[in-house]
Amino acid sequence: MTGERGAAGLDASFSLPGISSVNQLGGLFVNGRPLPLDTRQQIVRLAVSGMRPCDISRSLKVSNGCVSKILGRYYRTGVLEPKGIGGSKPRLATPPVVARIAQLKGECPALFAWEIQRLLCAEGLCTQDKTPSVSALPSAEPEPEPQTGCLARQK
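Residues numbered from 1 in each chain as written. Predicted model: local features only at pLDDT ≥ 70, side-chain atom pairs only at ≥ 80, totals over all residues. Heavy atoms only, no water.

A. Focus on the packing of helix H2 (residues 53-60) against helix H3 (residues 64-77). The interhelical angle for the contact between H2 and H3, taken along N-to-C directions, is 120 degrees, at an axis separation of 9 Å. Here H2 is positioned oblique relative to H3, judged by the angle of their axes. Judged by the sense of rotation from one axis to the other, the crossing of H2 with H3 is right-handed. Between H2 and H3, the contacting residues are Pro 53, Cys 54, Ile 56 and Ser 57 on the first element and Asn 64, Val 67 and Leu 71 on the second. Of the residues belonging to the contact of H2 with H3, the class tally is five nonpolar, two polar and no charged. (Axes fitted to C-alpha atoms, helices over the stretch in contact; angles between N-to-C directions. Helix = DSSP H or I, 4+ residues; strand = E, 2+ residues; numbered from the N terminus. Parallel < 35°, antiparallel > 145°, perpendicular 65-115°, else oblique. Left-handed = near helix turned anticlockwise from the far one by under 90°. Contact = heavy atoms within 4.5 Å. Nonpolar A, V, L, I, M, F, W, Y, C, P; charged D, E, K, R; others polar.)

Structure representation (structure tokens):
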């Protein structure tokens, strides 16, 4: 018995492990997983040869957004490999950072998280792309009496 054919002309009853969907161009993909390295290499090779991203998208049956994302990252960083999937992120709220945050909150409890992040970067404790997230900043500490004239806000 033959399965029903979908819009892409593929047999909808086929079952391959790990294949979750067929995109609008008829290409197979696994949702949430990176594009294989050989396909990424083909995308860059075609782009370098002068092919437009929309044509690359159609010829490789990869979404235009995916092609653009891969090329943008390649042009920006020179990296073809996908970013890591899942796993834990490096801890950014190190003891010196936590101590400085506590000190800043003690001096001026009304500071916003983004102000604390900016101060941590300005002081060299963090870099712009490696600041602790707003949720990682301690906020459950008991706050002392509000003081007037926070140094951070006078600038």
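B. Broad picture of the pattern of salt bridges. On inspection of all chains with the given rule, the structure shows three salt bridges. With a closest N to O distance of 3.0 Å, Arg 52 and Asp 55 form a salt bridge. Note on Asp 55: relative accessible area 22%, which makes it partly exposed. Arg 100 is the salt-bridge partner of Glu 123, the closest N and O atoms lying 2.6 Å from each other. (Salt bridge = Lys/Arg side-chain N within 4 Å of Asp/Glu carboxyl O. Buried < 20%, exposed > 50% of the residue type's maximum accessible area, 1.4 Å probe, protein only.)

That is the geometry; function is a separate question.
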